[in-house]
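# Observations on the three-dimensional arrangement
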Amino acid sequence: MAYVNAYQPPPPAKPPYGLHGPVPYDINVAFPLDFTQLETPRLKLAPFIPSIHAAKYHAAISDPAHLYRYYPFSNIEDPESYLLFMDTFVRQNPYSVLFAIIDKTTPDPDYPEWGGKLAGTIALLNYSPTNLSVEIGIVCILPTFQRTHVATHAVGVLLKYCFTMPCASQSESGLGLRRAHWYAHSDNEPSLRLAARMGLKREGTLRWAWVLPVGKVLGKTPRETDLLAGPGRDTAIMAMSWEDWEDGAREIVTTQMARME
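Residues numbered from 1 in each chain as written. Predicted model: local features only at pLDDT ≥ 70, side-chain atom pairs only at ≥ 80, totals over all residues. Heavy atoms only, no water.

Moving on, we get to a nonpolar patch on the surface. Side chains of Val211, Leu227 and Leu228 sit close together on the surface and give an oily, nonpolar patch of about 350 Å² of accessible area. Among the residues examined, Val211 registers a relative accessible area of 47% and is labelled partly exposed. (Patch = residues over 30% accessible without salt bridge, like charges linked within 9 Å, V, L, I, M, F, W, Y side chains within 5 Å. Areas by Shrake-Rupley, 256 points an atom, 1.4 Å probe, with all protein chains shown as cover. Salt bridge = Lys/Arg side-chain N within 4 Å of Asp/Glu carboxyl O. Buried < 20%, exposed > 50% of the residue type's maximum accessible area, 1.4 Å probe, protein only.)

This is the structure we're talking about:
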């Protein structure tokens, strides 16, 4: 039987808008988001809008190579590449959303309307309405706000939103998920400690899960005859289930957030 293979790689897709996304900015989310539930007395989450947040975000990073040392993505140290990547990887996926973390305890005189200072980012990634699961990722706390309440409150408010059942008649409502998971470079001890402190459990390691960009230092050396030159990454999997949440994890999150008041 005769056959052909006429495959041609598609050209790189270029969005029909600039680095700051479409105008008006479309967060393009296919699952419920109630921002009144994504707030504590010390912190709130808001959509990360490049035209509003990007300049402040990148200006606060003095050493992007160090900040992103555990990330498997190429060229995100460059602000323009970062914005293009986040648009493609997050905004164009209707089951993902990137949040700006706003620290309400630190006013920003340049942007008083924010209700606080930009402290970093966090995301919900690849929400699954069929499996009732989501990944918490892109947890990137700006240097000034590291080792403060910010990471604890940002992760805690998202976990609470993930596992609280949707209920329009009550003051607390959420997504009612069965599972939230967290992927991290297996050497990223700060990330793994944060996840564990918030009650997530280590489920295992995906060995050689990523081929890292050439130049990344924190990776595994591939074989000499390997098809690609970039180092490899093992990915640690942390997760929390609804059973964990109802069997003590809710109290762990509440305690951790209260401790960081």
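We are not done yet, so read on.
What follows covers helix H4 (residues 150-163). Working note: α-helix, 3.6 residues per turn, so residues spaced by three or four point in the same direction. Taking 1.5 Å of rise per residue, the 14 residues of H4 would be expected to cover 20 Å, and the 20 Å separating its terminal C-alpha atoms lies within 8% of that figure. With respect to burial, H4 is a largely interior element, 13 of its 14 residues being buried. (Helix = DSSP H or I, 4+ residues; strand = E, 2+ residues; numbered from the N terminus. Expected span 1.5 Å × (residues − 1).)

This part is about the sheet that holds strand E2 (residues 97-103). Pairing is mixed across the open sheet formed by seven strands, whose spatial order is E1-E2-E3-E4-E5-E7-E6. Here the strands that pair on one side only, and so sit at the sheet edges, are strand E1 (43-47) and strand E6 (201-211). The mean angle between the axes of side-by-side strands here comes to 30°, regardless of whether they run parallel or antiparallel. By the bridge criterion, six bridges tie strand E3 (residues 117-128) to strand E4 (residues 133-141) in an arrangement that is antiparallel. Counterpart to Leu124 in the pairing with E4 is Ile136. Packing against the sheet, helix H3 (residues 79-91) makes contact with E2, E3 and E4, and its axis sits at approximately 125° to E2. Lying on the sheet, helix H6 (residues 242-259) is in contact with E6 and strand E7 (232-241); it crosses E7 at an angle near 60°. (Pairing = 2+ DSSP bridges. Axes fitted to C-alpha atoms, helices over the stretch in contact; angles between N-to-C directions. Contact = heavy atoms within 4.5 Å.)

The next thing to look at is the packing of aromatic side chains. This model, assessed by the stated rule, comprises 14 aromatic pairs. Aromatic pair Phe35 and Phe99: ring centres 6.1 Å apart, planes at 75°, arrangement edge-to-face. In this pair, Phe35 sits in the segment before E1 while Phe99 sits in strand E2, placing the two residues 64 residues apart along the sequence. A relative accessible area of 26% means that Phe35 is categorised as partly exposed. Here the aromatic rings of Phe73 and Trp210 are separated by 5.6 Å at their centres, their planes lie at 85°, and the arrangement is edge-to-face. Here Phe73, found in the loop between helix H2 (64-67) and H3, pairs with Trp210, found in strand E6; they are 137 residues apart in sequence, far enough to count as distant. Through a chain of ring-to-ring contacts, the aromatic side chains of Phe48, Tyr57, Tyr68, Tyr71, Phe73, Tyr82, Phe85, Phe89 and Trp210 assemble into a single cluster. (Phe/Tyr/Trp six-rings, centres within 6.5 Å; stacked < 30°, edge-to-face > 60°.)

We now examine the state of the cysteines. Inspection of every chain in the model, using the stated rule, returns zero disulfides. Residue Cys140 stays outside any disulfide, its sulfur separated by 19 Å from that of Cys162, the closest cysteine. What makes Cys140 buried here is its relative accessible area of 3%. Free of any disulfide, Cys167 has its nearest cysteine sulfur in Cys162, 17 Å distant. Judged by its relative accessible area of 23%, Cys167 is partly exposed. (Disulfide = S-S within 2.5 Å.)

Just geometry here; none of it tells us what the structure is for.
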